[in-house]
2 protein chains.
Amino acid sequence: MEASKETSKRVKANSNGADPKKSELAREKILQAAKEVFSRQPYHAASLRAIAKQGGFDHPLIRYYFPTKAALFTAVVERIVLEFGDAHLIWLQDLDTLSPSQGLGLLVDRVLVYDRQYPHGTCIIMQNIAQVDRLDALPGYRLVPELFARIGSSFRKKVPLSAPEDEIDMFFSCLIAAFVNFLGAPAAHARRMGMDPASTEYAQWVRKAIMAQFVPWLGKLALPFSTY
Amino acid sequence: MEASKETSKRVKANSNGADPKKSELAREKILQAAKEVFSRQPYHAASLRAIAKQGGFDHPLIRYYFPTKAALFTAVVERIVLEFGDAHLIWLQDLDTLSPSQGLGLLVDRVLVYDRQYPHGTCIIMQNIAQVDRLDALPGYRLVPELFARIGSSFRKKVPLSAPEDEIDMFFSCLIAAFVNFLGAPAAHARRMGMDPASTEYAQWVRKAIMAQFVPWLGKLALPFSTY
DNA sequence: AACTGGTTTTACCATTTGTAAAAAAATATT
DNA sequence: AATATTTTTTTACAAATGGTAAAACCAGTT
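Asker: Any chance you could explain the protein's contact with DNA strand D here in plain terms?
Answerer: Taken together, 20 residues surround DNA strand D, and among them Arg-49, Arg-63 and Lys-69 of chain A together with Tyr-64 and Tyr-65 of chain B come closest. Here the atoms of DNA strand D within 4 Å of the protein split so that 61% fall in sugar or phosphate, with bases taking the remainder. Within the backbone of Ala-46 of chain A, an N or O atom sits 3.5 Å from a phosphate oxygen of DNA strand D. Between DNA strand D and Arg-49 of chain A there is a distance of 2.8 Å, counted from a base nitrogen to a side-chain nitrogen or oxygen. Among the secondary structure elements, those contributing two or more residues to the surface near DNA strand D are helix 3 (48-55) and helix 4 (60-65) of chain A together with helix 2 (21-38) and helix 4 (60-65) of chain B. The element contributing the most residues to the surface near DNA strand D is helix 4 of chain B, with four residues. Class assignment for the residues of the surface near DNA strand D results in ten nonpolar, four polar and six charged.

Have a look at this one:
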């Protein structure tokens, strides 16, 4: 019997006494393969067969766990948005006591470490970001702007700045755009300087670039009477 | 008889006495429709039929002027790269006598005016930039990194700075990335602030954002003994 | 050993895609 | 006006895609 509803299958797998490993593992295997492929190609260019080949299974297996391609992509986006949703809270911890340079440096380091471990998130976002004005063509992708909005309000809360709200929003927009750009399309920038997009050399380049762009600006936004 | 070679048709159209308008106009009409569609969708998601519908003709007409979809996309990319290749020389004129703030301001204004008149270039670049590590899948797209490299060396020549070459390259990479990002995917950023991506309000936002990010940095890179 | 449930594969379908050739229409040439 | 040439449309096709159903497989249970 096939899993028509999102949860019914998992419930079933859990309910039949034995460990739910088999089904859960297969679902995970599919999600992982999809993540891989969707991070290399935009939604419409990625095919279910390519995902199946990537994961070493046959493409109708996908349908057993996800009713449509749209549902699979949505699940992938949900996953990475959840991961970012947890991670960004940690990224922003304990920055308020630091100087602009120290604080932003710590933030960048945290993001870079995260991106090394989970490199797919930014890539999937970047692959499809130019299509955000057609959200109907990108199932589930509306979660991405929503995520950015949430990270934005976290940022405003956890990094209190004295500047007017507009300017802080602008700063944040540019910062997150830079991260998505440099981490989500590393080849576009690394190749220009003859670097390997996956190298630590490039990661250090990104660090330096973001610091150079944003530290002076952040300094201007920071509380003038704050004691670092 | 069909135009197999790129130029043979045009030559023929020119050679038969009368004005070459008909053929040239049709070719232009197709290129224009393709530009429109390719600026809304990445290469693989855009179909020849969608382009034909956009231009109000039947899709096999495309093949009469362009042997394949790849050739059409290449022609579009060649076109926008040529346009940028002319335009960027003007953008960079007479900046060297200005202060970082004045010079960058003028540059940004020039780019914004250009982008308002030719909004497709940055969009087409942005739609496909995340696939730049698979140039075999994007016919003609290699011209884009090549263009960026050329603009980069123009920048270094026309805007002489005292900083080490690495830093200037880094500055330029970030600047062009910001332009491509903000102008090539305007909806992604404008919507976040509740703006219309095509509005002058958003254009002014982009101006302010780029100035805030890059003026202080440029100040550090500028010749310390230069007289503005 | 036979059965039962969940899981995976095989085979297939309708649609869309890029491409192709031939027919039709429009234009130019004599 | 009749013919030749160029341009456009009609029609068709093979490949790839998302989706579907049925068969095969596999693990426990009886």
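Asker: Just checking my understanding: could you explain unusual backbone geometry for this structure?
Answerer: For residues other than glycine, phi is negative in most cases, and the peptide bonds are mostly trans. Positioned with a positive phi, Asp-94 of chain A is a non-glycine residue whose angle comes to about 60°. Relative to the helices and strands, Asp-94 of chain A is located in the loop between helix 5 (69-91) and helix 6 (100-117).

Asker: Got a minute to help me understand the packing of aromatic side chains in this structure?
Answerer: Centre-to-centre distance and the angle between the planes together describe a pair of aromatic rings. Summed over all chains, the structure comprises 30 aromatic pairs over all chains. Between Phe-182 of chain A and Trp-205 of chain A, the aromatic rings sit 5.6 Å apart at their centres with planes inclined by 90°, giving edge-to-face as the arrangement. Here Phe-182 of chain A is found in helix 9 (residues 165-184), whereas its partner Trp-205 of chain A is found in helix 11 (residues 200-221), with 23 residues between them in sequence. For Phe-182 of chain A, a relative accessible area of 2% gives the class buried. Ring centres of Trp-91 of chain B and Tyr-114 of chain B lie 5.2 Å apart, and the angle between their planes is 75°; this geometry places the pair in the edge-to-face category. Of the two residues, Trp-91 of chain B sits in helix 5 (residues 69-91) while Tyr-114 of chain B sits in helix 6 (residues 100-117), which places them 23 residues apart along the sequence. Exposure remark for Tyr-114 of chain B: the relative accessible area of 11% places this residue in the buried category. Clustering of aromatic rings is evident, with ring pairs tying together Phe-155, Phe-171, Phe-172, Phe-214 and Trp-217 of chain A. The cationic tip of Lys-69 of chain A hangs over the ring face of Tyr-43 of chain A; the distance from NZ or CZ to the ring centre is 4.6 Å.

Analysis parameters
Residues numbered from 1 in each chain as written. Chains lettered and ligands numbered in written order. Predicted model: local features only at pLDDT ≥ 70, side-chain atom pairs only at ≥ 80, totals over all residues. Heavy atoms only, no water. Near = heavy atom within 4 Å. Polar contact = N/O pair within 3.5 Å; in protein donor to acceptor, adjacent residues only side chain to side chain. Helix = DSSP H or I, 4+ residues; strand = E, 2+ residues; numbered from the N terminus. Nonpolar A, V, L, I, M, F, W, Y, C, P; charged D, E, K, R; others polar. Phe/Tyr/Trp six-rings, centres within 6.5 Å; stacked < 30°, edge-to-face > 60°. Buried < 20%, exposed > 50% of the residue type's maximum accessible area, 1.4 Å probe, protein only. Lys NZ or Arg CZ within 6 Å of the ring centre and 35° of its normal.

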